[in-house]
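Read off the chains here:
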Amino acid sequence: MSVARSFGSPVLRPRHRLRRFLAEVASVILGVALLIWSLAPVYNMLLVALDRDEGDIEFEGLIWPPDPSLHSFQAVLTQGYWLVEDFWRQFGNSFFIGLMTMALTVLTGSLASFALSRMRLSNGALLLNAPLLTYAIPSSFLVIPFARLMASYGLSNTLWAIIAANVTFATPYAILILQQYATLIPIELDEAARMDGASPVQVYRRIYLPLMTPALAAVGTYALLLAWNEYLYQYVMLSSTRNMTVAVAIAQFFNSDEAPWNYMMATAIIYSLPPIVIFYALRRYMAEGLTRGALKG
Amino acid sequence: MSSTQQVLAIEPGAPVRPRRPSRHRHLHGSEFAWAIAFVVPYAAVFLALVIYPAAYGLWMAREPSLYRDLVADPLYVRTVVNTVLFVGLGVNVKMFLALLLSGFFMRRRWWIRALLPVYILPWAIPAIPAFVSFHWMLIGEEGLVDSALSALFGIRGPIWFSDRWLALGSNISAYIWKWMPFWTLTFLAGRMAIPHDIYEAADVDGAGRCARFAHVIFPLLGNLYLVCTLLSTLWTVGDFTTVYLVSEGAPAYSTDVLATLGIHYAFDAAQPSLGVAAVLSALPALIPIVIILMRTVQTRKVQL
């Protein structure tokens, strides 16, 4: 039966041709639907940001900007309005949090996963996966005691409190991915280096880190995006405008009486650009590192 | 056969290969000291920032009367229902669609390849701008969705945030929009690692699309799908941003989830213990999920 089918397939009968055509039409429709689905909120951001008027916008029945203008972007970039007067400083704060979260997650995650999986500190299942226990505690639960502790340490209005929280939630996933990826690297490499008299630090620096580059890049990007997406801890702990991040500043517009929504959307668009650029630059690594690890198994 | 293929070829039912005996099972001397030194940074983070605040939180929420207050509050009961719907529907619909769409993105057409980077865009856009934009799109007659409905089809769209179910649906849609691309990418790589011969064999045997999905792809990706779904469930229970920014709990706190209700109790109503207790009440559901997750990851490791 199967032989007959496979012989028959090169000659397409009309019924098959129709089915192929229908499948093609269906995938085009799906493609267009996905395009609209993915881009509608982005288009909406542009629509509001390109409006010339400050203050309330009446968009009833409008699906394109009536009078497009880059005025709002200019106002944000030159800090020309009281709600955006610390924009560049807040942008720097967001960057600082993102980069520190990335660096510290990669560092602590790679050190821990090196010791646990390569040096075989433990063969016990428990210790190896203990970091995942972090996810039993919802981040929105931890934030309440966390804020109180930070207040008692005098760290409540500082960027380091946010970085600490981000590292806490990024590292367990980082360790999971790194451990899965490390199984691709033969342990014999480490052992040969040890025979030649390399210290654990040298094995870590000369063998583990270079071979793990794709996974480290993936984990770093993941940590950066996590920091850039995070809002709750920043909202709860950062109160002064000087120490605020752009994320909190955007949400501040909602508390204001005469909020210029075009400025808010312009701020939001500018805030979105760095992760988009970094993400597309590292996309190749990302796909390889995140998923080969997740897949193995 | 590459190692990935080897791993994929091992089915859950196959006999588990015994763990290779470790050559230096017992570390000693300086070796052990180094290993400890390498773990110390993370162990410090774990103890100081997970165990200690969690223990402190448990201590804050130790009074049984808090839970009596919670259960007596109709707001809380409705919030639990919302959380179950938000997490249950959000995670499962997202994961299942991501699995199906990863098959769509496997097709070799130039325009499907070009579509992929656009489709991933929501993941790269930070949550705050994205959800603010969703809020704005659905805000009523001025929003883009209702504007488009009236301009293109002449329909008067609903006021999305004045109805509990529409608002809940809006939150779930925004959540799926933001996070589906990440998991689609994961499943896409999973499918790419399936050796091509398996597809051909299924083809030769006359398996249709559905049969191939049910009998070939799903069994092979089952473990990956399970781990991803469990992780995503855990993360989503703690998700505050979506509901806080998209529907803002409207109408009248009726779409709040445990995360937003807990923060509301703790910081707006100045009852931190009650806030902790509200979020903590999800713990009995979360602990079994973590245990299943840890076990699944563990057995997968053994198969390697």
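Treat the numbers as computed from the prediction; the structure is a model and nothing was measured.

## Structural notes on the nonpolar core
Judged by nonpolar contacts, the single largest core of 187 residues is most densely connected at A:Met212, A:Tyr233, B:Phe105 and B:Phe187. The leading source of residues in this core is helix α7 (residues 159-182) of chain A, at 17 residues.

## A closer look at the interface of chain A and chain B
Taken together, the contact between chain A and chain B spans 111 residues of the former and 113 residues of the latter. For the pairing of chain A and chain B, the buried interface totals around 10,000 Å² over both sides, and the portion due to carbon and sulfur atoms is 74%. Viewed at the interface, chain B and chain A are joined by 2 salt bridges. In this structure, the salt-bridge partner of B:Arg109 is A:Glu24, at a minimum N-O distance of 2.7 Å. Connecting chain A to chain B are 12 residue pairs in polar contact (both at pLDDT 80 or more). Ranked by the residues each element gives to the side of chain A that touches chain B, the list is headed by helix α2 (residues 14-49) of chain A, at 19 residues. In the side of chain A that touches chain B, the residues fall into 78 nonpolar, 21 polar and 12 charged.

## Describing the environment of A:Gln79
All names here are of chain A. Position of Gln79 among the secondary structure elements: in the loop between α3 (71-77) and α4 (87-118). Judged by relative accessible area, Gln79 falls into the partly exposed class, the value being 28%. Remark: the alpha-carbon pair of Gln79 and Arg148, spanning 69 residues in sequence, is separated by 33 Å.

## A closer look at a nonpolar patch on the surface
All names here are of chain A. Taken together, the side chains of Leu18, Phe21, Leu22, Val25 and Ile29 define a hydrophobic patch exposed on the protein surface, amounting to about 500 Å² of accessible area. Here Val25 is to be found in helix α2. Residue classification places Val25 among the partly exposed positions, given a relative accessible area of 34%.

## Remarks on the packing of aromatic side chains
All told, the structure shown has 37 aromatic pairs over all chains when counted by the stated rule. Considering the side-chain rings of A:Tyr231 and A:Tyr235, the 5.5 Å spacing of their centres and the 25 degrees angle between planes classify their relative orientation as stacked. Exposure remark for A:Tyr235: the relative accessible area of 27% places this residue in the partly exposed category. Here A:Tyr231 and B:Phe240 contribute two aromatic rings whose centre-to-centre distance is 6.4 Å and whose plane-to-plane angle is 15 degrees, an arrangement assigned as stacked. Remark: B:Phe240 occurs in the loop between α10 (209-237) and α11 (241-245) and A:Tyr231 occurs in the loop between α10 (213-229) and α11 (232-237); the pair is interchain, linking two chains. Relative accessible area serves as the criterion here: at 1%, A:Tyr231 is assigned to the buried category. What links up through ring pairs into an aromatic cluster is the set A:Tyr135, A:Tyr173, A:Tyr222, B:Trp123, B:Phe182, B:Trp183 and B:Trp235. Sitting over the face of the ring of B:Trp59, B:Arg62 holds its NZ or CZ atom 4.3 Å from the ring centroid. One cation-aromatic arrangement involves B:Lys178 over B:Trp179; the distance from NZ or CZ to the ring centre is 4.6 Å.

## A short note on the packing of helix α8 (residues 164-192) of chain B against α10(B)
The relative placement of two packed helices comes down to the angle between their axes together with the axis-to-axis distance. All names here are of chain B. Orientation of α8 relative to α10, taken along the N-to-C sense of each, is 140 degrees, at an axis distance of 11 Å. Here α8 is positioned oblique relative to α10, judged by the angle of their axes. The crossing of α8 and α10 is right-handed. Counting all contacts with α8, which are made through Tyr175, Trp183, Thr186, Phe187, Gly190 and Arg191, the residues of α10 involved are Phe213, Ile217, Leu221, Leu224, Tyr225, Cys228, Ser232, Trp235 and Thr236. Across the contact of α8 with α10, the residue classes break down as 10 nonpolar, 4 polar and 1 charged.

## Topic: the pattern of salt bridges
Once their charged atoms are close, side chains differing in charge can pair, the charge on each being opposite to the other. Evaluated as defined, the whole model comprises 3 salt bridges over all chains. The shortest N-O distance in the salt bridge between A:Glu24 and B:Arg107 comes to 3.8 Å. Taken as a pair, A:Glu24 in helix α2 and B:Arg107 in the loop between α4 (74-104) and α5 (110-124) lie in two separate chains rather than in one. On the basis of relative accessibility, which here comes to 25%, the residue A:Glu24 falls in the partly exposed class. Overall, the relative accessible area of 21% leaves B:Arg107 in the partly exposed class. For A:Asp86, the salt bridge is made with A:Arg242, and the minimal N-O distance between the two is 3.3 Å. Linking A:Asp86 in the loop between α3 and α4 with A:Arg242 in the loop between α11 and α12 (246-252), this pair joins segments that are 156 residues apart in sequence. On the basis of relative accessibility, which here comes to 14%, the residue A:Asp86 falls in the buried class. One network of salt bridges, in which partners are shared, links A:Glu24, B:Arg107 and B:Arg109.

## Description of helix α13 (residues 261-281) of chain A
Residue and element names in this part refer to chain A. In this model, α13 (21 residues) spans 31 Å end to end at C-alpha, consistent with the 30 Å of a helix rising 1.5 Å per residue. Approximately 25 degrees is the largest bend angle found in α13, and it occurs at Leu273, with the proline Pro274 only one to four residues beyond. Counting buried residues along α13, 16 of its 21 residues qualify, which places the element largely inside the surrounding structure.

## Some remarks on the packing of α10(A) against α13(A)
Residue and element names in this part refer to chain A. Between α10 and α13, the shortest axis-to-axis distance is 11 Å and the interhelical angle comes to 170 degrees. Relative to α13, the element α10 lies roughly antiparallel. Seen along the crossing, α10 lies across α13 with a hand that is left-handed. Across from Leu224, Leu225 and Trp228 in α10, the residues of α13 making contact are Tyr271, Pro274, Pro275, Ile278 and Phe279. Split into classes, the residues belonging to the contact of α10 with α13 amount to 8 nonpolar, no polar and no charged.

Conventions and cut-offs
- Residues numbered from 1 in each chain as written.
- Chains lettered and ligands numbered in written order.
- Predicted model: local features only at pLDDT ≥ 70, side-chain atom pairs only at ≥ 80, totals over all residues.
- Heavy atoms only, no water.
- Core = buried A, V, L, I, M, F, W, Y, C linked by side-chain atoms within 4.5 Å.
- Buried < 20%, exposed > 50% of the residue type's maximum accessible area, 1.4 Å probe, protein only.
- Helix = DSSP H or I, 4+ residues; strand = E, 2+ residues; numbered from the N terminus.
- Contact = heavy atoms within 4.5 Å.
- Buried area = accessible area lost by both parts, 1.4 Å probe.
- Salt bridge = Lys/Arg side-chain N within 4 Å of Asp/Glu carboxyl O.
- Polar contact = N/O pair within 3.5 Å; in protein donor to acceptor, adjacent residues only side chain to side chain.
- Nonpolar A, V, L, I, M, F, W, Y, C, P; charged D, E, K, R; others polar.
- Patch = residues over 30% accessible without salt bridge, like charges linked within 9 Å, V, L, I, M, F, W, Y side chains within 5 Å.
- Areas by Shrake-Rupley, 256 points an atom, 1.4 Å probe, with all protein chains shown as cover.
- Phe/Tyr/Trp six-rings, centres within 6.5 Å; stacked < 30°, edge-to-face > 60°.
- Lys NZ or Arg CZ within 6 Å of the ring centre and 35° of its normal.
- Axes fitted to C-alpha atoms, helices over the stretch in contact; angles between N-to-C directions.
- Parallel < 35°, antiparallel > 145°, perpendicular 65-115°, else oblique.
- Left-handed = near helix turned anticlockwise from the far one by under 90°.
- Expected span 1.5 Å × (residues − 1).
- Bend = angle between axes of the 7 residues up to and from the residue.

Any functional reading would require information beyond the geometric quantities listed.
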